[in-house]
Amino acid sequence: MTNLTERYIYAATRSVPEKSRGDLSTELEASIGDAIDARVDSGEPRIEAERAVLNDLGDPDKLAAGYTDRPTFLIGPRYYFEWWRLLKLLLWIVPVCAAFGIALGQVLSGAPAGAIIGSTVAGVLGVVVHLAFWVTLVFAILERSAGRSAGDSAPPEPWATWSVDRLPEIRPKGMGFGDMVASLVFLAVAAVAIVWDRFFGFVWTGEERMPVLNPDLWPWWIAGLFVIMIGEAAMAIAIYRTGRWTPGFAVLNAVLALAVAVPAIWLLVNNQLLNPAFFTTVIPADSAAEVYSVVSVLTGFGIAIIAGWDIIDGILKTFRPARTPVCQS
Amino acid sequence: MSDDDILAMHLQELRRGTVVLACLQLLRTPGYGYGLLETLDARGFATDANTLYPLLRRLEKQGYLDSEWNTDEARPRKFYRTSAAGAALAASLTAEFRAIATAIASLTPEN
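Since the structure is predicted, the reported quantities are computational estimates derived from the model, not experimental observations. (Residues numbered from 1 in each chain as written. Chains lettered and ligands numbered in written order. Predicted model: local features only at pLDDT ≥ 70, side-chain atom pairs only at ≥ 80, totals over all residues. Heavy atoms only, no water.)

Student: Could you clarify how one ought to interpret a nonpolar patch on the surface in this entry?
Tutor: All names here are of chain A. A cluster of nonpolar residues, Phe 133, Trp 134, Leu 137 and Ile 141, forms a patch on the protein surface that exposes about 400 Å² of accessible area. Tracing the backbone shows Trp 134 in helix H6 (residues 113-145). Assessed through its relative accessible area of 46%, Trp 134 is described here as partly exposed. (Patch = residues over 30% accessible without salt bridge, like charges linked within 9 Å, V, L, I, M, F, W, Y side chains within 5 Å. Areas by Shrake-Rupley, 256 points an atom, 1.4 Å probe, with all protein chains shown as cover. Salt bridge = Lys/Arg side-chain N within 4 Å of Asp/Glu carboxyl O. Helix = DSSP H or I, 4+ residues; strand = E, 2+ residues; numbered from the N terminus. Buried < 20%, exposed > 50% of the residue type's maximum accessible area, 1.4 Å probe, protein only.)

Student: How should I be thinking about the interface of chain B and chain A in this particular structure?
Tutor: Much of the literature gives interface size as the accessible area that the parts lose upon coming together. Each partner contributes to the interface: chain B provides 16 residues, whereas chain A provides 22 residues. Approximately 1,600 Å² of surface area, both sides summed, lies buried where chain B meets chain A, with 56% of it carried by carbon and sulfur atoms. Ranking the residues of chain B by area buried against chain A places Tyr34(B), Arg57(B) and Arg75(B) at the top, with a combined share of 37%. Applying the counting criterion to the chain B and chain A interface returns six salt bridges. One salt bridge connects Arg57(B) with Glu27(A), and the closest N-O pair in it is separated by 2.6 Å. Counting across the chain B and chain A interface gives eleven residue pairs in polar contact (both at pLDDT 80 or more). (Contact = heavy atoms within 4.5 Å. Buried area = accessible area lost by both parts, 1.4 Å probe. Polar contact = N/O pair within 3.5 Å; in protein donor to acceptor, adjacent residues only side chain to side chain.)

Student: Got a minute to help me understand the sheet that holds strand E3 (residues 77-82) of chain B in this structure?
Tutor: Sheets are built from strands paired through backbone hydrogen bonds, the pairs being either parallel or antiparallel. All names here are of chain B. Read from one edge to the other, the open sheet built from three strands follows the order E1-E3-E2, with strand pairing classed as antiparallel. Single-partner strands in this sheet number two, and they are strand E1 (31-32) and strand E2 (65-70). Across six bridges, E2 lies against E3 in antiparallel orientation. Following the sheet pairing, Ser 67 is matched in E3 by Tyr 80. (Pairing = 2+ DSSP bridges.)

Function cannot be inferred from these measures alone, as they are strictly geometric.
Right, dumping it as C-alpha coordinates:
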(Lines give C-alpha, C1' and ligand atoms only; values in the text may rest on other atoms or scores of the structure.)
Protein backbone atom coordinates (compact mmCIF):
# COMPACT_ATOMS: atom_id res chain seq x y z
CA MET A 1 0.00 0.00 0.00
CA THR A 2 1.55 3.28 -1.08
CA ASN A 3 1.37 6.65 0.54
CA LEU A 4 -1.49 7.94 -1.65
CA THR A 5 -3.77 4.96 -1.05
CA GLU A 6 -2.92 5.05 2.64
CA ARG A 7 -3.86 8.71 2.85
CA TYR A 8 -7.05 8.11 0.87
CA ILE A 9 -8.18 5.28 3.16
CA TYR A 10 -7.35 7.37 6.21
CA ALA A 11 -9.40 10.28 4.88
CA ALA A 12 -12.37 8.07 3.94
CA THR A 13 -12.53 6.14 7.22
CA ARG A 14 -11.52 8.60 9.94
CA SER A 15 -15.13 9.67 10.56
CA VAL A 16 -16.46 6.09 10.55
CA PRO A 17 -17.19 4.60 14.00
CA GLU A 18 -14.15 2.90 15.52
CA LYS A 19 -15.66 -0.58 15.66
CA SER A 20 -16.18 -0.84 11.91
CA ARG A 21 -13.13 1.17 10.83
CA GLY A 22 -10.66 -1.71 10.65
CA ASP A 23 -13.06 -3.85 8.64
CA LEU A 24 -13.84 -0.99 6.28
CA SER A 25 -10.17 -0.02 5.81
CA THR A 26 -9.20 -3.56 4.86
CA GLU A 27 -12.10 -3.87 2.45
CA LEU A 28 -11.44 -0.51 0.84
CA GLU A 29 -7.75 -1.33 0.54
CA ALA A 30 -8.61 -4.58 -1.27
CA SER A 31 -11.08 -2.82 -3.59
CA ILE A 32 -8.54 -0.11 -4.49
CA GLY A 33 -5.81 -2.74 -4.93
CA ASP A 34 -8.05 -4.81 -7.24
CA ALA A 35 -8.87 -1.77 -9.34
CA ILE A 36 -5.21 -0.76 -9.63
CA ASP A 37 -4.21 -4.32 -10.59
CA ALA A 38 -6.86 -4.37 -13.30
CA ARG A 39 -5.46 -1.15 -14.82
CA VAL A 40 -1.87 -2.37 -14.51
CA ASP A 41 -2.83 -5.65 -16.21
CA SER A 42 -4.09 -3.64 -19.18
CA GLY A 43 -0.69 -1.95 -19.48
CA GLU A 44 -0.90 1.20 -17.39
CA PRO A 45 2.05 2.19 -15.15
CA ARG A 46 1.24 1.51 -11.48
CA ILE A 47 1.71 5.10 -10.30
CA GLU A 48 -0.73 6.49 -12.87
CA ALA A 49 -3.16 3.62 -12.31
CA GLU A 50 -3.30 4.44 -8.60
CA ARG A 51 -3.96 8.13 -9.23
CA ALA A 52 -6.69 7.30 -11.74
CA VAL A 53 -8.41 4.84 -9.40
CA LEU A 54 -8.38 7.24 -6.46
CA ASN A 55 -9.57 10.12 -8.62
CA ASP A 56 -12.44 7.93 -9.84
CA LEU A 57 -13.43 7.13 -6.27
CA GLY A 58 -13.70 10.87 -5.70
CA ASP A 59 -13.89 12.98 -2.57
CA PRO A 60 -13.18 10.68 0.40
CA ASP A 61 -15.48 12.74 2.62
CA LYS A 62 -18.35 11.99 0.24
CA LEU A 63 -17.48 8.30 0.33
CA ALA A 64 -17.31 8.41 4.13
CA ALA A 65 -20.75 10.05 4.23
CA GLY A 66 -22.04 7.15 2.14
CA TYR A 67 -20.53 4.63 4.54
CA THR A 68 -21.90 6.24 7.67
CA ASP A 69 -25.24 7.07 6.02
CA ARG A 70 -24.78 10.64 7.10
CA PRO A 71 -26.76 13.49 5.52
CA THR A 72 -24.69 15.62 3.17
CA PHE A 73 -26.87 18.65 3.70
CA LEU A 74 -27.45 20.99 6.61
CA ILE A 75 -31.24 20.76 6.75
CA GLY A 76 -32.96 18.24 4.51
CA PRO A 77 -36.46 17.98 3.08
CA ARG A 78 -37.75 16.43 6.31
CA TYR A 79 -37.25 19.58 8.36
CA TYR A 80 -36.78 22.27 5.73
CA PHE A 81 -40.30 23.71 5.87
CA GLU A 82 -40.54 23.52 9.66
CA TRP A 83 -37.24 25.38 9.85
CA TRP A 84 -38.30 27.99 7.31
CA ARG A 85 -41.70 28.65 8.94
CA LEU A 86 -40.24 29.02 12.41
CA LEU A 87 -37.41 31.22 11.21
CA LYS A 88 -39.81 33.52 9.36
CA LEU A 89 -42.12 33.78 12.36
CA LEU A 90 -39.29 34.56 14.78
CA LEU A 91 -37.67 37.03 12.38
CA TRP A 92 -40.92 38.99 12.26
CA ILE A 93 -41.42 39.09 16.00
CA VAL A 94 -38.11 39.05 17.82
CA PRO A 95 -36.23 41.89 16.08
CA VAL A 96 -39.21 44.22 16.61
CA CYS A 97 -39.26 43.42 20.33
CA ALA A 98 -35.48 43.72 20.52
CA ALA A 99 -35.52 47.09 18.75
CA PHE A 100 -38.10 48.34 21.20
CA GLY A 101 -36.18 47.01 24.20
CA ILE A 102 -32.85 48.43 23.11
CA ALA A 103 -34.35 51.81 22.22
CA LEU A 104 -36.16 51.94 25.55
CA GLY A 105 -33.00 51.15 27.47
CA GLN A 106 -31.04 53.78 25.56
CA VAL A 107 -33.71 56.42 26.11
CA LEU A 108 -33.90 55.60 29.81
CA SER A 109 -30.15 55.98 30.14
CA GLY A 110 -30.40 59.39 28.48
CA ALA A 111 -28.44 58.63 25.31
CA PRO A 112 -28.54 61.19 22.47
CA ALA A 113 -30.74 60.44 19.44
CA GLY A 114 -27.84 59.37 17.20
CA ALA A 115 -26.61 56.87 19.76
CA ILE A 116 -30.14 55.49 20.24
CA ILE A 117 -30.55 54.88 16.50
CA GLY A 118 -27.03 53.52 16.13
CA SER A 119 -27.18 51.03 18.94
CA THR A 120 -30.74 49.96 18.01
CA VAL A 121 -29.69 49.20 14.42
CA ALA A 122 -26.53 47.40 15.55
CA GLY A 123 -28.46 45.49 18.22
CA VAL A 124 -31.19 44.40 15.81
CA LEU A 125 -28.60 43.20 13.28
CA GLY A 126 -26.96 41.18 16.05
CA VAL A 127 -30.30 39.71 17.08
CA VAL A 128 -31.12 38.72 13.48
CA VAL A 129 -27.75 37.01 13.02
CA HIS A 130 -28.03 35.16 16.33
CA LEU A 131 -31.62 34.14 15.67
CA ALA A 132 -30.85 32.72 12.23
CA PHE A 133 -27.75 30.96 13.49
CA TRP A 134 -29.23 29.29 16.56
CA VAL A 135 -32.49 28.24 14.91
CA THR A 136 -30.53 26.73 12.02
CA LEU A 137 -28.11 25.03 14.41
CA VAL A 138 -30.93 23.42 16.36
CA PHE A 139 -32.53 22.08 13.17
CA ALA A 140 -29.18 20.88 11.81
CA ILE A 141 -28.68 18.89 15.04
CA LEU A 142 -32.25 17.61 14.85
CA GLU A 143 -31.64 16.49 11.27
CA ARG A 144 -28.67 14.46 12.49
CA SER A 145 -30.21 12.95 15.61
CA ALA A 146 -33.94 12.26 15.65
CA GLY A 147 -35.07 8.84 14.55
CA ARG A 148 -32.59 8.28 11.77
CA SER A 149 -32.81 4.70 10.66
CA ALA A 150 -32.07 3.48 7.18
CA GLY A 151 -35.08 3.17 4.89
CA ASP A 152 -37.21 5.18 7.25
CA SER A 153 -38.60 8.00 5.17
CA ALA A 154 -41.72 8.98 7.11
CA PRO A 155 -41.11 11.67 9.71
CA PRO A 156 -41.62 10.04 13.10
CA GLU A 157 -42.20 13.26 15.05
CA PRO A 158 -45.85 14.17 15.48
CA TRP A 159 -45.21 17.88 14.98
CA ALA A 160 -43.51 17.23 11.67
CA THR A 161 -46.52 15.52 10.11
CA TRP A 162 -48.62 17.96 8.19
CA SER A 163 -52.40 17.73 8.16
CA VAL A 164 -55.25 19.89 6.84
CA ASP A 165 -55.60 21.39 10.31
CA ARG A 166 -52.52 23.42 9.51
CA LEU A 167 -53.85 25.02 6.34
CA PRO A 168 -53.63 28.80 6.62
CA GLU A 169 -56.90 30.73 6.76
CA ILE A 170 -57.81 32.74 3.69
CA ARG A 171 -57.35 36.19 5.08
CA PRO A 172 -59.97 38.89 4.59
CA LYS A 173 -58.45 42.32 4.14
CA GLY A 174 -57.54 43.94 7.45
CA MET A 175 -56.30 40.78 9.11
CA GLY A 176 -53.18 40.25 7.10
CA PHE A 177 -49.62 40.42 8.08
CA GLY A 178 -49.29 44.12 7.40
CA ASP A 179 -52.03 44.93 9.92
CA MET A 180 -50.27 43.00 12.66
CA VAL A 181 -46.95 44.68 11.91
CA ALA A 182 -48.68 48.07 11.78
CA SER A 183 -50.23 47.47 15.22
CA LEU A 184 -46.90 46.38 16.69
CA VAL A 185 -45.01 49.30 15.17
CA PHE A 186 -47.67 51.76 16.36
CA LEU A 187 -47.45 50.39 19.91
CA ALA A 188 -43.64 50.53 19.84
CA VAL A 189 -43.66 54.13 18.58
CA ALA A 190 -46.22 55.09 21.23
CA ALA A 191 -44.13 53.49 23.97
CA VAL A 192 -40.96 55.24 22.81
CA ALA A 193 -42.90 58.54 22.61
CA ILE A 194 -44.10 58.17 26.20
CA VAL A 195 -40.60 57.43 27.44
CA TRP A 196 -39.19 60.25 25.31
CA ASP A 197 -41.76 62.66 26.74
CA ARG A 198 -40.74 61.79 30.28
CA PHE A 199 -37.00 62.12 29.82
CA PHE A 200 -36.69 64.80 27.15
CA GLY A 201 -40.11 66.41 26.91
CA PHE A 202 -42.14 67.08 23.81
CA VAL A 203 -42.81 70.75 24.40
CA TRP A 204 -40.20 73.44 23.94
CA THR A 205 -41.07 76.32 26.23
CA GLY A 206 -38.47 78.67 24.82
CA GLU A 207 -36.01 77.88 27.55
CA GLU A 208 -36.31 74.18 28.18
CA ARG A 209 -38.09 71.04 27.07
CA MET A 210 -41.01 69.88 29.13
CA PRO A 211 -43.06 66.71 29.30
CA VAL A 212 -46.74 66.88 28.34
CA LEU A 213 -47.78 64.03 30.62
CA ASN A 214 -47.61 64.45 34.37
CA PRO A 215 -44.21 63.12 35.56
CA ASP A 216 -45.91 61.88 38.74
CA LEU A 217 -47.55 59.16 36.62
CA TRP A 218 -44.17 57.43 36.67
CA PRO A 219 -43.49 54.71 37.44
CA TRP A 220 -46.71 52.87 38.34
CA TRP A 221 -49.38 54.41 36.11
CA ILE A 222 -47.07 54.27 33.11
CA ALA A 223 -46.01 50.72 33.99
CA GLY A 224 -49.69 49.76 33.99
CA LEU A 225 -50.09 51.40 30.60
CA PHE A 226 -47.13 49.44 29.23
CA VAL A 227 -48.64 46.18 30.51
CA ILE A 228 -51.86 46.98 28.63
CA MET A 229 -49.87 47.85 25.51
CA ILE A 230 -48.09 44.49 25.70
CA GLY A 231 -51.56 42.96 25.92
CA GLU A 232 -52.56 44.89 22.77
CA ALA A 233 -49.46 43.60 20.99
CA ALA A 234 -50.22 40.03 22.03
CA MET A 235 -53.78 40.44 20.79
CA ALA A 236 -52.59 41.77 17.41
CA ILE A 237 -50.39 38.68 17.03
CA ALA A 238 -53.19 36.38 18.18
CA ILE A 239 -55.63 37.90 15.67
CA TYR A 240 -53.10 37.40 12.90
CA ARG A 241 -52.51 33.81 13.95
CA THR A 242 -56.25 33.10 14.13
CA GLY A 243 -56.83 34.85 10.83
CA ARG A 244 -60.05 36.62 11.84
CA TRP A 245 -61.72 38.63 14.58
CA THR A 246 -63.81 36.55 16.93
CA PRO A 247 -66.34 37.83 19.53
CA GLY A 248 -63.68 37.01 22.13
CA PHE A 249 -61.23 39.34 20.44
CA ALA A 250 -63.89 42.07 20.22
CA VAL A 251 -64.54 41.77 23.97
CA LEU A 252 -60.83 41.72 24.78
CA ASN A 253 -60.29 44.71 22.49
CA ALA A 254 -63.06 46.62 24.31
CA VAL A 255 -61.65 45.69 27.73
CA LEU A 256 -58.18 46.86 26.74
CA ALA A 257 -59.53 50.10 25.27
CA LEU A 258 -61.54 50.80 28.45
CA ALA A 259 -58.56 49.85 30.61
CA VAL A 260 -56.67 52.71 29.00
CA ALA A 261 -59.48 55.23 28.58
CA VAL A 262 -61.22 54.99 31.98
CA PRO A 263 -58.11 55.55 34.14
CA ALA A 264 -56.91 58.24 31.72
CA ILE A 265 -60.17 60.19 32.00
CA TRP A 266 -60.25 59.67 35.75
CA LEU A 267 -56.72 61.04 36.04
CA LEU A 268 -57.67 63.92 33.77
CA VAL A 269 -60.67 64.83 35.88
CA ASN A 270 -58.47 64.78 38.97
CA ASN A 271 -55.88 66.99 37.20
CA GLN A 272 -53.24 64.28 37.31
CA LEU A 273 -52.90 63.30 33.64
CA LEU A 274 -51.27 66.35 32.08
CA ASN A 275 -48.19 68.09 33.39
CA PRO A 276 -49.45 71.04 35.48
CA ALA A 277 -46.10 72.82 35.16
CA PHE A 278 -46.56 72.81 31.39
CA PHE A 279 -49.59 75.12 31.51
CA THR A 280 -48.22 77.52 34.09
CA THR A 281 -45.03 77.89 32.10
CA VAL A 282 -46.39 78.17 28.59
CA ILE A 283 -49.52 80.22 29.13
CA PRO A 284 -49.80 83.64 30.82
CA ALA A 285 -50.87 83.21 34.42
CA ASP A 286 -54.22 85.02 34.15
CA SER A 287 -55.68 82.70 31.50
CA ALA A 288 -53.82 79.49 32.49
CA ALA A 289 -56.70 77.96 34.43
CA GLU A 290 -59.14 78.60 31.59
CA VAL A 291 -56.86 77.15 28.90
CA TYR A 292 -56.11 74.21 31.15
CA SER A 293 -59.79 73.34 31.52
CA VAL A 294 -60.41 73.69 27.76
CA VAL A 295 -57.44 71.47 26.94
CA SER A 296 -58.59 68.99 29.58
CA VAL A 297 -62.08 68.78 28.13
CA LEU A 298 -60.74 68.38 24.59
CA THR A 299 -58.28 65.69 25.75
CA GLY A 300 -61.03 63.90 27.65
CA PHE A 301 -63.32 63.86 24.62
CA GLY A 302 -60.42 62.81 22.43
CA ILE A 303 -59.65 59.82 24.67
CA ALA A 304 -63.32 58.83 24.85
CA ILE A 305 -63.84 59.11 21.08
CA ILE A 306 -60.69 57.11 20.25
CA ALA A 307 -61.61 54.38 22.75
CA GLY A 308 -65.21 54.25 21.49
CA TRP A 309 -64.10 54.08 17.86
CA ASP A 310 -61.60 51.34 18.71
CA ILE A 311 -64.31 49.27 20.43
CA ILE A 312 -66.81 49.73 17.59
CA ASP A 313 -64.12 48.95 15.01
CA GLY A 314 -63.43 45.65 16.76
CA ILE A 315 -67.12 44.74 16.79
CA LEU A 316 -67.55 45.68 13.11
CA LYS A 317 -64.55 43.58 12.11
CA THR A 318 -65.95 40.64 14.06
CA PHE A 319 -69.34 40.68 12.38
CA ARG A 320 -68.31 41.92 8.97
CA PRO A 321 -69.37 39.27 6.47
CA ALA A 322 -66.50 37.03 5.54
CA ARG A 323 -65.27 37.69 2.04
CA THR A 324 -63.12 35.52 -0.10
CA PRO A 325 -60.44 37.79 -1.44
CA VAL A 326 -58.93 35.10 -3.65
CA CYS A 327 -60.94 35.89 -6.76
CA GLN A 328 -60.97 39.65 -6.28
CA SER A 329 -58.19 41.82 -7.52
CA MET B 1 -27.80 23.04 -16.86
CA SER B 2 -27.42 21.68 -20.39
CA ASP B 3 -29.81 19.21 -22.03
CA ASP B 4 -27.21 16.46 -21.63
CA ASP B 5 -26.95 17.09 -17.90
CA ILE B 6 -30.72 16.99 -17.53
CA LEU B 7 -30.90 13.75 -19.51
CA ALA B 8 -28.13 12.25 -17.36
CA MET B 9 -29.99 13.30 -14.20
CA HIS B 10 -33.23 11.67 -15.36
CA LEU B 11 -31.45 8.47 -16.38
CA GLN B 12 -29.77 8.32 -12.99
CA GLU B 13 -33.11 8.80 -11.24
CA LEU B 14 -34.58 5.95 -13.29
CA ARG B 15 -31.67 3.60 -12.66
CA ARG B 16 -31.26 4.30 -8.96
CA GLY B 17 -33.18 1.37 -7.53
CA THR B 18 -32.16 -1.14 -10.19
CA VAL B 19 -28.57 -1.39 -8.91
CA VAL B 20 -29.87 -2.71 -5.59
CA LEU B 21 -31.90 -5.37 -7.36
CA ALA B 22 -28.97 -6.32 -9.61
CA CYS B 23 -26.66 -6.70 -6.58
CA LEU B 24 -29.15 -8.89 -4.72
CA GLN B 25 -29.56 -11.14 -7.75
CA LEU B 26 -25.85 -11.36 -8.61
CA LEU B 27 -24.79 -12.02 -5.03
CA ARG B 28 -26.78 -15.24 -4.81
CA THR B 29 -23.30 -16.48 -5.66
CA PRO B 30 -20.85 -14.79 -3.24
CA GLY B 31 -18.86 -11.86 -4.59
CA TYR B 32 -16.55 -9.06 -3.44
CA GLY B 33 -16.53 -5.33 -4.08
CA TYR B 34 -14.35 -4.86 -7.17
CA GLY B 35 -15.42 -8.15 -8.75
CA LEU B 36 -19.07 -7.18 -8.41
CA LEU B 37 -18.32 -3.76 -9.90
CA GLU B 38 -16.86 -5.47 -12.99
CA THR B 39 -19.76 -7.91 -13.25
CA LEU B 40 -22.32 -5.14 -12.97
CA ASP B 41 -20.53 -3.20 -15.68
CA ALA B 42 -20.39 -6.24 -17.97
CA ARG B 43 -24.10 -6.92 -17.39
CA GLY B 44 -25.13 -3.41 -18.34
CA PHE B 45 -25.49 -1.84 -14.87
CA ALA B 46 -22.74 0.77 -15.07
CA THR B 47 -22.19 1.84 -11.47
CA ASP B 48 -19.60 4.08 -9.81
CA ALA B 49 -17.34 2.47 -7.23
CA ASN B 50 -18.17 5.18 -4.71
CA THR B 51 -21.87 4.33 -5.07
CA LEU B 52 -21.52 0.55 -4.95
CA TYR B 53 -19.18 0.15 -1.96
CA PRO B 54 -21.33 2.10 0.52
CA LEU B 55 -24.43 0.39 -0.92
CA LEU B 56 -23.05 -3.07 -0.15
CA ARG B 57 -22.35 -2.16 3.45
CA ARG B 58 -25.78 -0.57 3.80
CA LEU B 59 -27.52 -3.70 2.48
CA GLU B 60 -25.39 -5.78 4.86
CA LYS B 61 -26.41 -3.56 7.80
CA GLN B 62 -30.07 -3.92 6.80
CA GLY B 63 -29.68 -7.71 6.80
CA TYR B 64 -30.18 -8.30 3.06
CA LEU B 65 -26.55 -9.39 2.58
CA ASP B 66 -24.34 -11.65 4.70
CA SER B 67 -20.59 -11.20 4.62
CA GLU B 68 -17.53 -13.30 5.22
CA TRP B 69 -13.82 -12.56 5.03
CA ASN B 70 -11.84 -14.73 2.64
CA THR B 71 -8.18 -14.79 3.65
CA ASP B 72 -7.08 -17.70 1.47
CA GLU B 73 -5.44 -15.38 -1.05
CA ALA B 74 -2.68 -12.82 -0.57
CA ARG B 75 -5.24 -10.03 -0.55
CA PRO B 76 -7.98 -10.55 2.06
CA ARG B 77 -11.40 -9.83 0.53
CA LYS B 78 -14.82 -9.37 2.05
CA PHE B 79 -17.34 -11.60 0.27
CA TYR B 80 -21.02 -10.77 0.29
CA ARG B 81 -23.88 -13.19 -0.26
CA THR B 82 -27.59 -12.50 -0.52
CA SER B 83 -29.36 -13.56 2.68
CA ALA B 84 -32.83 -15.13 2.89
CA ALA B 85 -34.27 -11.68 3.58
CA GLY B 86 -32.29 -10.36 0.62
CA ALA B 87 -33.74 -13.03 -1.66
CA ALA B 88 -37.25 -12.11 -0.51
CA LEU B 89 -36.52 -8.44 -1.16
CA ALA B 90 -35.16 -9.31 -4.61
CA ALA B 91 -38.39 -11.20 -5.38
CA SER B 92 -40.53 -8.22 -4.31
CA LEU B 93 -38.40 -5.78 -6.30
CA THR B 94 -38.48 -8.02 -9.38
CA ALA B 95 -42.26 -8.29 -9.21
CA GLU B 96 -42.51 -4.52 -8.88
CA PHE B 97 -40.10 -3.98 -11.76
CA ARG B 98 -42.15 -6.28 -14.00
CA ALA B 99 -45.34 -4.47 -13.04
CA ILE B 100 -43.74 -1.14 -13.92
CA ALA B 101 -42.37 -2.52 -17.20
CA THR B 102 -45.85 -3.79 -18.14
CA ALA B 103 -47.42 -0.49 -17.20
CA ILE B 104 -44.86 1.46 -19.21
CA ALA B 105 -45.36 -0.87 -22.18
CA SER B 106 -49.10 -0.22 -22.09
CA LEU B 107 -48.37 3.53 -22.34
CA THR B 108 -46.10 3.22 -25.36
CA PRO B 109 -47.98 3.54 -28.66
CA GLU B 110 -47.56 0.53 -30.94
CA ASN B 111 -45.39 1.11 -33.96
